Amino acid sequence: MKQRTNALFKLAESHYEAGVANGTQSRMHGWNDHVLPTALLSREIAKKAGGSAEEQELAFVAGLLHDWKRLPDQKLKKLGKEDCHERDSAAFARKILQVYGYSPEETESAAKAIASHSFGLSPENGARSVANAEGIVARALKAADKAGQLGAEGVWRRNVFLGEAKPNFTLEQARDYYGKRIKKFEEFAAAPEGKTLLACKGAKQGWKLMREYEERLHSEEAEAKKSKAVAGFYREAGATGMFLFGFGCGAKGWNEARTAKAYAAGFPIIRAKWLKAKLKKEEEAVVLKGLAFTKRLLV
Ligand SMILES: [Fe+2]
Ligand SMILES: [Fe+2]
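About the criteria used
Residues numbered from 1 in each chain as written. Chains lettered and ligands numbered in written order. Predicted model: local features only at pLDDT ≥ 70, side-chain atom pairs only at ≥ 80, totals over all residues. Helix = DSSP H or I, 4+ residues; strand = E, 2+ residues; numbered from the N terminus. Buried ≥ 20, exposed ≤ 12 C-beta atoms within 10 Å, placed from the backbone. Contact = placed C-beta atoms within 7 Å. Axes fitted to C-alpha atoms, helices over the stretch in contact; angles between N-to-C directions. Parallel < 35°, antiparallel > 145°, perpendicular 65-115°, else oblique. Left-handed = near helix turned anticlockwise from the far one by under 90°. Nonpolar A, V, L, I, M, F, W, Y, C, P; charged D, E, K, R; others polar. Core = buried A, V, L, I, M, F, W, Y, C linked by C-beta atoms within 7 Å. Domains from an automatic or database assignment. pLDDT = per-residue confidence, 0-100.

The subject of this paragraph is the overall build of the chain. For the chain, the helix and strand inventory stands at 15 helices and 0 strands. Taken across its 299 residues, the chain has 43% of its residues classed as buried. Pairs at least 24 residues apart make up 68% of the contacts formed inside the chain by residues separated by at least 6 positions.

What follows is the structure, encoded as structure tokens:
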């Protein structure tokens, strides 16, 4: 890694870690859980897409800075603010990258990628869009950012995020919200940057798993309405159980001990009762690999 990127890496690590500790950064968008895996994958995707050494470095750098200004949703609500973190983080990147020795062209390339990474406001026309990333750097960043929404990792992050951001949601409302996110991803999957992501190893399987998970939530809900005994079973195991573990964990604020407990209880259940029935052994290994970074919570 070049010296300037190494210095930026250290700055980013301390920024995100301090932000999570003092509550100005969402845990679901923190360093270990999101930013570092996104930056690494962004570089990898840029390489696979045939990007030059410079484009690979910029894809990595954009990954480091892309959620710099992302406040937790509950904090935005308190302040009465809209989420514009892609635009604010891009503005920050324009300032900081020049200080760290990146040329105006390099700075602009990374900043543009950051401005278009979100399923959010287009920096050009203010319209909400799932597809507005142009060029290798921007496409790589957007694809890497959305990779965290797939597979078992995606299930977990979405449920904890919901609990963290929308503590007053009912389970039914939360399920509807989950369904809407799945639809939004469907739109993204049809766009060039979505295709870039789905060409990556394991991504198609992860996306299939998300759709199956949603279907499973609804079929469990229908089953639960038929019988109380069945409802009890599903609340302890399967997709609904996993949902409640994640949602409950987020709703009560982030707590490593609770999360470790939920992982230990929830993930093997969903893996044993659902994933195992669905996936071949080697496919399961792909899903588990996506969860590798969460293993530290299981100590
Ligand atoms: Fe973001
Ligand atoms: Fe992100």
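Before going further, it helps to examine the packing of helix α5 (residues 85-99) against helix α6 (residues 104-115). For any two helices packed against each other, the geometry comes down to the angle between their axes and how far apart the axes lie. Running from N to C, α5 and α6 point in directions that differ by 165 degrees, and their axes come no closer than 8 Å. In terms of orientation, α5 and α6 fall into the roughly antiparallel class. In this structure, α5 crosses over α6, and the sense of that crossing is right-handed. Across from E86, R87, S89, A90, A93, R94, L97 and Q98 in α5, the residues of α6 making contact are E106, T107, A110, A111, I114 and A115. In terms of residue class, the contact of α5 with α6 is made up of 7 nonpolar, 3 polar and 4 charged.

At their nearest, the axes of helix α3 (residues 53-65) and helix α7 (residues 135-147) sit 9 Å apart, and the two run at 45 degrees to each other. Accordingly, the angle class assigned to the pair α3 and α7 is oblique. Of the two elements, α3 crosses α7, and the hand of that crossing is right-handed. Residues E55, L58, A59, A62 and G63 of α3 form the contact with α7, whose participating residues are I136, V137, A140, L141 and A144. Its residues placed into classes, the contact of α3 with α7 shows 8 nonpolar, 1 polar and 1 charged.

Note on soluble globular proteins: their nonpolar side chains tend to be buried together. Of all hydrophobic cores here, the largest spans 54 residues; its most connected members are A62, A110, I114, V137 and A140. At 8 residues, the largest contribution of residues to this core is made by α7. The two domains that each donate at least three residues to this core are domain 1 (1-145) and domain 2 (148-299). In this structure, V137 is in contact with A46, E55, L58, A59, A62, S109, A110 and A113, ignoring residues within four places of it in sequence.

Here we take up the confidence of the model for the chain. Across the chain, the average pLDDT comes to 77, with 73% of residues at or above 70. α3 holds the highest mean pLDDT among the elements of the chain, 97, whereas helix α15 (residues 281-290) holds the lowest, 45. Every residue in residues 268-280 scores below 50 in pLDDT, and together they form 18 contacts with partners more than four places removed in sequence or on other chains. For residues 282-299, every residue scores under 50 in pLDDT, and the model assigns this stretch 31 contacts once sequence neighbours within four places are set aside.

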